[in-house]
Amino acid sequence: VQLQAFGGGLVQAGGYLTLSCAASGRTFSNYAMGWFRQAPGKEQEFVATISRRGGTTDYADSVKGRFTISRDNAKNTVYLQMNSLKPEDTAVYYCASPSNVNYIIATMTQRYYYWGQGTQVTVSS
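Residues numbered from 1 in each chain as written. Predicted model: local features only at pLDDT ≥ 70, side-chain atom pairs only at ≥ 80, totals over all residues. Heavy atoms only, no water.

Take the pattern of salt bridges next. If charged atoms from side chains of opposite charge come close, those side chains can pair. What the rule picks out here adds up to 4 salt bridges. Across the pair Asp89 and Arg37 runs a salt bridge, and its minimum N-O distance is 2.9 Å. Placement of Asp89 in the loop between β8 (77-82) and β9 (91-97) and of Arg37 in strand β4 (residues 33-38) is noted, with a sequence separation of 52 residues between them. When sorted by exposure, Asp89 lands in the same class as Arg37, which is buried. (Salt bridge = Lys/Arg side-chain N within 4 Å of Asp/Glu carboxyl O. Helix = DSSP H or I, 4+ residues; strand = E, 2+ residues; numbered from the N terminus. Buried < 20%, exposed > 50% of the residue type's maximum accessible area, 1.4 Å probe, protein only.)

This part takes up empty space enclosed by the protein. All told, the structure shown has 1 cavity of 30 Å³ or more when counted by the stated rule. Approximately 50 Å³ is the volume found for the largest cavity. Residue lining of the largest cavity: Val1, Leu3, Ala23, Ser24, Gly25, Arg26, Phe28, Met33 and Ser97, and that is the complete set. Tallied by class, residues from the lining of the largest cavity come to 5 nonpolar, 3 polar and 1 charged. (1 Å grid on protein atoms, 1.4 Å probe; cavity = no way out; pocket = protein on both sides within 12 Å on 5 of 7 lines; lining within 4 Å. Points joined across faces, edges and corners; volume = space filled by probe spheres on them. Nonpolar A, V, L, I, M, F, W, Y, C, P; charged D, E, K, R; others polar.)

Written out as C-alpha cells, the structure is:
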C-alpha cells in the first residue's frame, strides 16, 4: 500500500490550501482515511478522518469549521480542504489509512498502519 500526499506550501494567514493524498495497492473504498499533522517540537496530532463512503467525518476541535475532509473513491484520493489558515496550522501533514476494514472512522494514531510521506504546510502571519 502506498500513500502519496501533496499540495502543501506557503500561504499567508487567512488563506487556503487543499491537500491531496493518492492511494494505491489495495481497494481504497474499503477503508477509512485520516489526516494527521506534526509541528516542530510537538507530537503528532489527529486532524480529520472520513469513512469508506465519505458519509461520516470527524475533526480535531482546532480545525472544526475551517477544514473539510473528502474523498473520491473513483480516483483513490482523499482531500483536506483547509480554509482560514492560521500560523498554528504550520506543520507537516500526513495522510494515513488503517489496516482494519472494520473501523468506520479512526481518530487515534494507533489505529493507522499505512502512512504517506508528509507534505509541509507553512502559514505566515
